[in-house]
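Understanding the architecture of this molecule
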Amino acid sequence: MTAPLTPPHQPPNEDPWQKAQGAGSTAYHAADAADRTETRTELKQAAVLTLALAVSGALMGLLWLWLSPRVPLIAGESAVFLKDTEGEEAIGADGTFVLLALGFGVVSAALVFLFRRRGGVPLVVGLALGGLLASGLAWLVGWSLGPDDVVAQARAAGEGATFDAPLELNARGALLAWPVAAMVVHLGLTALFGPRDPEPEWVPFGAPYLPGDREDGPEGGH
């Protein structure tokens, strides 16, 4: 006896479920690779944004030094006194810092939104962190380039001479003005003008959904 032969015209044993699984696995890996690439791009952009904002804090520090009112002091025999005891120059310096920080925060948030409307968590974190670093650098630049130490100036000026007090930031909470303003403005712009996600298609409850199905039901309306 001979073994039964396979009919010559028998179709190959193909499982459509396995083919569908293989296609789905390929699509999943492609989407996962695209997500990782997008995440790396966002992290790079966030790092560049943080560095750019931090460096721009030097410009704010120079403006703060230029626009802030000076606090006049008088050198006495053994002490230093305020020339105008009712003056508000010290408060004016803090107010100038806050106004500049708010302005820089609004501008930076608008530029970031125009550069990348889709936003993203890394970009928002970079915006906040960069604003905070920029505020700290602005404070350091204004303080270091401003008038010298009080004792040194009093000795150099002599008794009865008038000189300017060092530029100081008394309200340390002003350092948060830039990042807070940037976050609020960016959130508002994203909510008003940001791209919208497409609405999901409606599928009847309990009905299997296939990619080729039309909106009129799983049977295509027949």
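Residues numbered from 1 in each chain as written. Predicted model: local features only at pLDDT ≥ 70, side-chain atom pairs only at ≥ 80, totals over all residues. Heavy atoms only, no water.

**Things to note about the pattern of salt bridges**
Note the threshold: Salt bridge criterion: a side-chain nitrogen from Lys or Arg within 4 Å of a carboxyl oxygen from Asp or Glu. Numbering of helices and strands runs from the N terminus, with a helix taken as a DSSP run of H or I at least four residues long and a strand as a DSSP run of E at least two residues long. Relative accessibility thresholds used throughout: buried, under 20% of the residue-type maximum; exposed, over 50%; partly exposed, between the two (1.4 Å probe, protein chains only).
Under the criterion given, the structure shown has 1 salt bridge. Arg116 is paired through a salt bridge with Glu42; the nearest N and O atoms lie 3.1 Å apart. Separated by 74 residues along the polypeptide, Arg116 in the loop between α2 (89-115) and α3 (121-145) and Glu42 in helix α1 (residues 16-67) bring together distant segments of the chain. Taking relative accessible area as the criterion, Arg116 reaches 12% and is therefore assigned buried.

**Section: the environment of Leu59**
When you line up the elements, Leu59 lands in helix α1. Of the residues examined, Leu59 reaches a relative accessible area of 49% and is grouped as partly exposed.

**What about the nonpolar core?**
Using the following cut-off: Among buried residues, the Ala, Val, Leu, Ile, Met, Phe, Trp, Tyr and Cys ones that are joined through side-chain atoms within 4.5 Å form a nonpolar core. The contact rule is simple, with two residues in contact once any of their heavy atoms fall within 4.5 Å.
Counting 23 residues, the largest nonpolar core has Leu49, Met60, Trp64, Phe97, Leu127, Leu169 and Trp178 as its most contacted members. Those elements that provide at least two residues to this core are α1, α2, α3 and α5 (177-193). Looking at this core, the element that brings in the most residues is α2, giving 7 residues. When neighbours within four sequence positions are excluded, Leu127 is seen to be in contact with Leu49, Leu53, Ser108, Ala109, Val112, Ala182 and His186.

**Concerning the confidence of the model for the protein**
Heads up, the condition is: Scored between 0 and 100, pLDDT is the confidence that the predictor attaches to each residue.
Here the protein averages 77 in pLDDT, and 61% of its residues register 70 or above. Of all helices and strands in the protein, the one with the weakest mean pLDDT is strand β2 (residues 80-82) (66), whereas α3 scores best (94). When the criterion is pLDDT under 50, residues 214-222 qualifies, and its contacts beyond four places in sequence or with other chains add up to 7 contacts.

**Re the side chain of Ser135**
Structurally, Ser135 is set in helix α3. If near-sequence neighbours (up to four positions away) are discounted, Ser135 is found in contact with Phe97, Leu175, Trp178 and Pro179.

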